[in-house]
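# An overview of the molecular structure
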Amino acid sequence: MPAVTAGAVAVAAATAGAGPASGPAAVPVVVLAAAVLHAVWNGLAHRLQDKLVGFALINLVYTGCAVVLVLLNPLPAAAAWPYLIASVVMQVTSQLLLLRAYQLGDFGQMYPIARGSAPLLVAVLSVTVLGDELGGGELLGVAVISCGLIGLAFARGIPGRAHLPALGAAAGTGVMIAAYTVLDGGGVRHAGTVGGYVAWLFLLQGPVLALIAWARRGRGLLVGAGPLVPVGLLGGVLSLTAYGLVVWAQSRGNLASIAALRETSIVMAALIATVVFRERLGRMRMAASATVLAGIAVLELARP
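Presented here is an overview of the structure given in this document. (Residues numbered from 1 in each chain as written. Predicted model: local features only at pLDDT ≥ 70, side-chain atom pairs only at ≥ 80, totals over all residues. Heavy atoms only, no water.)

On to the overall build of the chain, then. Assigned secondary structure in the chain consists of 13 helices and zero strands. In sequence order, the secondary structure elements of the chain are arranged as α-α-α-α-α-α-α-α-α-α-α-α-α. Residues counted as buried form 54% of the 304 residues belonging to the chain. Within the chain, counting contacts between residues at least 6 apart in sequence, those at least 24 apart form 91% of the total. Summed over all atoms, the accessible surface of the chain reaches about 12,700 Å², with 70% contributed by carbon and sulfur. (Helix = DSSP H or I, 4+ residues; strand = E, 2+ residues; numbered from the N terminus. Buried < 20%, exposed > 50% of the residue type's maximum accessible area, 1.4 Å probe, protein only. Contact = heavy atoms within 4.5 Å. Areas by Shrake-Rupley, 256 points an atom, 1.4 Å probe, with all protein chains shown as cover.)

See below:
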């Protein structure tokens, strides 16, 4: 399957860590590239009429690519497996919550809430759980970025009671994102192999949501799925590549800084919504986007 081969090659290259581009200076560029890919694949997933089929296809790509990657990379060290298993549980839960949020709410609101609630949680967890240290400038940068992301989420005003189920699913996604970000940051440091960690993460995660989709729909899952296959497969390749880049960065940089930079995918998503989907950006979203970019500048200037 060409999509599986392309995804496996892309992630293998991202996680190899070889060559002159693998130093600390490359980390912000790699994370920003991952943010663009993440925004694109989420836009593709949300546009699919049958989102359950779309997410199942994306996870099948995870599985196919992971089989190739497992053969190309060493087995993670024993100390990494508790992190790995826990991360798989959080990843699957986050996908189920995100799927529900996309079924109930608008992309322009659900995506920012799901992504924007994670940075502060990651900052707290990285300090309290993993023992990372954040300077005052880094904390300020994370706080400014988070404020901008919150502004993007609520740019259309305070939502009513009818929107609470969708908001709960989106916020729950953010909690899961924060949890697996910290878990993967610790796990990859114990694994001894970035590629092996990513490979097993997606090999264990990939089949679960596809099996859940089959349990819900049975053979009916295949009805009308044909036109969705190309987009679903492309979304899987983009998603897998984006996360491989992030895990590579987590093995070399500060977790909270990486998580904050990663959330600039919300700005990318706002631009995609405006340019591609012709959605109106509005003054509030423009101001919130500028706040996020200012936070990134503060974060990068504060880096040692």
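This is not the end of the story, as more comes after the structure.
Close approach of charged atoms allows side chains with opposite charge to pair. For the structure on display, the rule yields one salt bridge. Measuring nitrogen to oxygen at the nearest pair gives 3.0 Å for the salt bridge that ties Arg217 to Asp50. Placement of the pair is Arg217 in helix H9 (residues 194-217) and Asp50 in the loop between helix H2 (27-47) and helix H3 (51-72), with a sequence separation of 167 residues. A relative accessible area of 36% means that Arg217 is categorised as partly exposed. (Salt bridge = Lys/Arg side-chain N within 4 Å of Asp/Glu carboxyl O.)

Before going further, it helps to examine the side chain of Ser265. Mapping Ser265 onto the fold places it in helix H12 (residues 265-275). Excluding residues that lie within four positions of it along the chain, Ser265 makes contacts with Ala35, His38, Ala39, Tyr111 and Arg115.

Attention shifts here to the environment of Leu121. Along the chain, Leu121 falls in helix H6 (residues 118-128). It is 8.8 Å that separates the C-alpha atoms of Leu121 and Gly174, two residues lying 53 residues apart in sequence. Apart from the residues within four sequence positions on either side, Leu121 is in contact with Gly174, Val175 and Ala178.

Sizing a probe to match a water molecule and rolling it over the atoms shows the empty space that remains. Per the counting criterion, the structure on display carries three cavities of 30 Å³ or more. Quantified by volume, the largest cavity comes out at close to 250 Å³. Lining the largest cavity are 24 residues, with His38, Trp41, Gln91, Arg115 and Tyr180 positioned closest to its centre. Every element with two or more residues in the lining of the largest cavity is listed here: H2, H3, helix H4 (81-104), helix H5 (107-116), helix H8 (164-191), H9 and helix H10 (229-250). Tallying contributions element by element places H2 first for the lining of the largest cavity, with five residues. Looking at the lining of the largest cavity residue by residue, the class counts come to 14 nonpolar, eight polar and two charged. Put simply, the second largest cavity is a space of about 80 Å³. Phe107, Gly108, Tyr111, Pro112, Leu152, Ile266, Ala269, Ala270, Ala273 and Arg285 together form the lining of the second largest cavity. Contributing elements (two or more residues each) for the lining of the second largest cavity: H5 and H12. (1 Å grid on protein atoms, 1.4 Å probe; cavity = no way out; pocket = protein on both sides within 12 Å on 5 of 7 lines; lining within 4 Å. Points joined across faces, edges and corners; volume = space filled by probe spheres on them. Nonpolar A, V, L, I, M, F, W, Y, C, P; charged D, E, K, R; others polar.)

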